[in-house]
Amino acid sequence: MPNSAAPLLAVAELDVHYGGIQALRGVAIEVHKGELVALVGNNGAGKSTLLHALSGIVEASRGSIRFAGRDIAAASADARVRMGIVQVPEARQVFGPLSVEDNLRLGAFTRHGAAQIARDIERTYALFPVLAERRRQAAGTLSGGQQQMLAIGRGLMADPRLLLLDEPSMGLAPNVADETFEKIGDLKGAGVTILLVEQNASSALYIADRGYVLETGSVALKGSGRELLADEAVRKAYLGM
Amino acid sequence: MGVEFLQFLLSGLTVGATYALVGLGFWIIHTACGVINFAQGEFVMLGGMATAAFLGLGMPLPVAIMLALAVAVVAGLLLERLAVEPTRNGSVVTLIIITIGASIFFRGLVQVVLDKDFHPLPAFSGEEPILIGGAAVMPQSLWVVGATAAVVLGLWLFFEHSLHGKAVRAAAANLLAARLCGIRVRFVLLLSFGMSALLGAIAGVLIAPISATYYEVGIMLGLKGFCAAMLGGLRSGWGPVVGGLVLGVVEAMGAGYLASAYKDAVAFVIILLVLMFMPRGLLGRGARSERV
């Protein structure tokens, strides 16, 4: 991948504390435009914390987050959505009582232009046809896999420049998880820049251009998806081989 | 007998409509942040008292009412901004106690700035009773019921068909996901406090020509609205509406057929029974919403 241009996202020396507990220490990662970067690691390694720091949900105690050349550490959560940093949270978290279509429409809450938004809703339905069939149904009544599609669709509705996906395969049956990874591959093919957090390291690294391994709050390893899949330590610790 | 029953029913529905409005105010804030706002009754009082004060300055009734509603909304926004927002990460109990403090503050302020007298407002369209099936209805009753119906319709349109209304429901359903969609929590809280202050004040303005207003009128009306909300349940906006109307009618029947001295007791017996035997209310089912 082209490392010559300035990265879209550059995180350096990032620390995050929860009360007295340090969740991230000195994390540095980069994501370039058009890349799919995987962030793998065990439960509690700090993967979701990093995404929450990028989305402005938790505050960094040190370090810098630069997005498209600007330091955004002080920007509010909604300002970051406006800039194009859009997170699809762990465990889907759709708006259960609201209809599928309302969920998608709220994904575009920060955007203007009704016509373009309506076109994007149709585009999302084309990408996930099952959502179109159920557009009037309450989101809480969808299956887990369908809710994941809806959560990703809602994220796409914000017109992201960087899509953060938090454990999209979590809690899904293996064949549904595979389908989800396929869709994520399609999104990359369509030019969406993605930072993918996964416990399912093999599937994530398989479709990723590059990857980072997070261990107890720090980056332990980095490399191309293929390099990491072949790495002895990664195979042992995360792939069960 | 039939006419008597109709008479009690109509006056019960009138009072019940105001309970419904106050109860809806409780519902909106509870939906947005899981808190029961015990200052809700003071918005009712502010609506009536401010209208009386503006009338006293020689303003025409419609102008006085509009200004009074504006005063109540500003009070609601200030309550959110100055008392609730700074303690948003506090516990629900802390927030509830803050609203109790705020209600004492509002009562004290009105007592000092205005007065402690009773103020009957003039009826909006005269005092000539209208006969419906032999029962006499004051035109003001039609105003109360009509305005309540209009408010309920407006709320329904807002929450079901507007993007901002849906955003409030989204924040109530899942706060994190709402923030990740770029919905600001502060916006949701301000909107809900402003709206519920408006609803309370509308109730206060509508009922003042029937039962007069004074600086402590909000205590009882607030409690009745709370009963309405508990009786119907806080799961959906229909809960307080149904609860308010049922409470108003039961109260009127109790006062008419038993003894009017027990009118207020009826409400409190009902709330005790509801809290003991069906704490989710008549329309309540399923899980609670998450707090903002």
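Please refer to the structure placed before this passage.
Cut-offs applied
Residues numbered from 1 in each chain as written. Chains lettered and ligands numbered in written order. Predicted model: local features only at pLDDT ≥ 70, side-chain atom pairs only at ≥ 80, totals over all residues. Heavy atoms only, no water. Pairing = 2+ DSSP bridges. Helix = DSSP H or I, 4+ residues; strand = E, 2+ residues; numbered from the N terminus. Axes fitted to C-alpha atoms, helices over the stretch in contact; angles between N-to-C directions. Core = buried A, V, L, I, M, F, W, Y, C linked by side-chain atoms within 4.5 Å. Buried < 20%, exposed > 50% of the residue type's maximum accessible area, 1.4 Å probe, protein only. Contact = heavy atoms within 4.5 Å. Patch = residues over 30% accessible without salt bridge, like charges linked within 9 Å, V, L, I, M, F, W, Y side chains within 5 Å. Areas by Shrake-Rupley, 256 points an atom, 1.4 Å probe, with all protein chains shown as cover. Salt bridge = Lys/Arg side-chain N within 4 Å of Asp/Glu carboxyl O. Lys, Arg positive; Asp, Glu negative; His and termini not counted. Charge placed at Lys NZ, Arg CZ, Asp CG, Glu CD. Buried area = accessible area lost by both parts, 1.4 Å probe. Polar contact = N/O pair within 3.5 Å; in protein donor to acceptor, adjacent residues only side chain to side chain. Parallel < 35°, antiparallel > 145°, perpendicular 65-115°, else oblique. Left-handed = near helix turned anticlockwise from the far one by under 90°. Nonpolar A, V, L, I, M, F, W, Y, C, P; charged D, E, K, R; others polar. Phe/Tyr/Trp six-rings, centres within 6.5 Å; stacked < 30°, edge-to-face > 60°.

Asks: Could you clarify how one ought to interpret the sheet that holds strand 3 (residues 36–40) of chain A in this entry?
Replies: Hydrogen bonding along the main chain pairs the strands of a sheet, whether they run parallel or antiparallel. Residue and element names in this part refer to chain A. The mixed open sheet is built from 6 strands, whose spatial order is 6-7-8-3-9-10. Of all the strands in the sheet, just strand 6 (85–88) and strand 10 (218–224) have a single pairing partner and so form its edges. Adjacent strand axes in the sheet meet at a mean angle of 20 degrees when their direction is disregarded. In the sheet, strand 9 (residues 210–215) pairs with strand 10 via 6 bridges, with the strands oriented antiparallel.

Asks: What should I look at first to understand the nonpolar core in this one?
Replies: In a soluble, globular protein the nonpolar side chains are often hidden away together inside. With 80 residues, the main nonpolar core has Phe95 and Leu106 of chain A together with Leu155, Phe159 and Ile183 of chain B as its most contacted residues. Ranked by residue count, the leading element in this core is helix 8 (residues 185–211) of chain B, at 13 residues. For Phe95 of chain A, the contacting residues outside a window of four places in its chain are Asn103, Leu106, Ala139 and Arg154 of chain A together with Ala170, Ala173, Asn174, Ala177, Ala178 and Cys181 of chain B.

Asks: How should I be thinking about the environment of Gly191 of chain A in this particular structure?
Replies: For Gly191 of chain A, the position within the fold is in the loop between helix 7 (174–189) and strand 8 (194–198). Residues Gly191 of chain A and Lys33 of chain A, 158 residues apart in the sequence, show an inter-C-alpha distance of 8.5 Å.

Asks: Please explain a negative patch on the surface as it appears in this structure.
Replies: Together, Asp178, Glu179, Glu182 and Asp186 of chain A make up a negatively charged patch on the protein surface. Note on placement: Glu182 of chain A falls in helix 7.

Asks: What's the story with unusual backbone geometry in this structure? I'm lost.
Replies: Excluding glycine, residues mostly have negative phi values, and the peptide bonds linking residues are mostly trans. Residues and elements named next belong to chain A. A positive phi angle, close to 60 degrees, is found at Asp159, a residue other than glycine. Looking at where Asp159 falls in the secondary structure, it is placed in the loop between helix 6 (144–156) and strand 7 (162–166). Here Asp159 falls in the partly exposed class, since its relative accessible area comes to 48%. Even without being glycine, Thr216 reaches a positive phi, approximately 35 degrees.

Asks: What's the story with the interface of chain B and chain A in this structure? I'm lost.
Replies: Many structure descriptions define interface size as the accessible area lost when the parts assemble. Contacts between the two partners involve 18 residues from chain B, matched on the other side by 22 residues from chain A. For chain B, the biggest contributors to the area lost against chain A are Leu163, Leu180 and Cys181 of chain B; these three give 34% of the whole. Where chain B packs against chain A, one counts 2 residue pairs in polar contact (both at pLDDT 80 or more). Take the side of chain B that touches chain A: its biggest share by element is 7 residues, from helix 6 (residues 163–173) of chain B.

Asks: I keep staring at the packing of helix 2 (residues 40–56) of chain B against helix 3 (residues 61–84) of chain B and nothing clicks. Help me out?
Replies: Helix-helix packing: each pair is described by the crossing angle between the helix axes and the interaxial distance. Residue and element names in this part refer to chain B. The interhelical angle for the contact between helix 2 and helix 3, taken along N-to-C directions, is 140 degrees, at an axis separation of 8 Å. Viewed along their axes, helix 2 and helix 3 adopt a mutual orientation that is oblique. Handedness of the crossing formed by helix 2 with helix 3: right-handed. Mapping the contact onto sequence places Phe43, Leu46, Gly47, Ala50, Thr51, Phe54 and Leu55 in helix 2 and Leu61, Ala64, Ile65, Leu67, Ala68, Val71, Ala72, Ala75, Gly76 and Leu79 in helix 3. Across the contact of helix 2 with helix 3, the residue classes tally to 14 nonpolar, 3 polar and no charged.

Asks: Can you walk me through the side chain of Gln140 of chain B in this structure?
Replies: All names here are of chain B. Within the secondary structure, Gln140 sits in helix 5 (residues 139–161). According to the relative accessible area criterion, Gln140 is buried, its value standing at 2%. From its side chain, Gln140 meets the backbone oxygen of Leu206 in a polar contact 3.0 Å long. Filtering out sequence-adjacent residues up to four positions away, Gln140 remains in contact with Ala123, Phe124, Leu206, Pro209 and Ile210.

Asks: What is the right way to look at the packing of aromatic side chains in this model?
Replies: Both the distance between ring centres and the angle between the ring planes are used here to describe each pair of aromatic rings. Residue and element names in this part refer to chain B. According to the stated counting rule, one finds 11 aromatic pairs over all chains in the structure shown. Ring geometry for Phe158 and Phe159: centres 5.0 Å apart, planes at 75 degrees, overall edge-to-face. Note on Tyr214 and Tyr215: the rings are 6.0 Å apart at their centroids and 90 degrees apart in plane angle, and the pair reads as edge-to-face. Since its relative accessible area comes to 22%, Tyr214 is described here as partly exposed. Exposure remark for Tyr215: the relative accessible area of 12% places this residue in the buried category.

Asks: What is the right way to read helix 3 (residues 100–107) of chain A from this model?
Replies: Since there are 3.6 residues in each turn of an α-helix, residues three or four apart along the chain are aligned in direction. Taken across its 8 residues, helix 3 of chain A has 7 buried, putting it largely inside the fold. Every buried residue of helix 3 of chain A is listed here: Val100, Glu101, Asp102, Asn103, Leu104, Leu106 and Gly107 of chain A. Here the buried face of helix 3 of chain A lies against helix 4 (114–127), helix 5 (129–133) and helix 6 of chain A together with helix 6 of chain B.

Asks: Even after reading the chapter, I still don't get the sheet that holds strand 5 (residues 70–71) of chain A, so can you show me in this structure?
Replies: Residues and elements named next belong to chain A. With antiparallel pairing, the 4 strands of this open sheet are ordered in space as 2-1-4-5. A strand with exactly one partner marks an edge of an open sheet, and here the two such strands are strand 2 (21–31) and strand 5. Against the sheet, helix 1 (residues 47–55) touches strand 1 (9–18), strand 2 and strand 4 (62–67), its axis set at about 110 degrees to strand 1.

Asks: Please explain the pairing of strand 3 of chain A as it appears in this structure.
Replies: Along any regular strand, the residues point their side chains to alternate faces of the sheet. All names here are of chain A. Of all 5 residues that make up strand 3, 5 are buried, and the element is covered over most of its length. Bridge analysis of strand 3 against strand 8 gives 5 bridges, and the strand direction is parallel. In the sheet register, Leu36 faces strand 8, and the bridge partner there is Ile194. Here strand 3 pairs with strand 9 via 4 bridges, running parallel. When the sheet's bridge partners are listed, Leu39 is paired in strand 9 with Tyr212.

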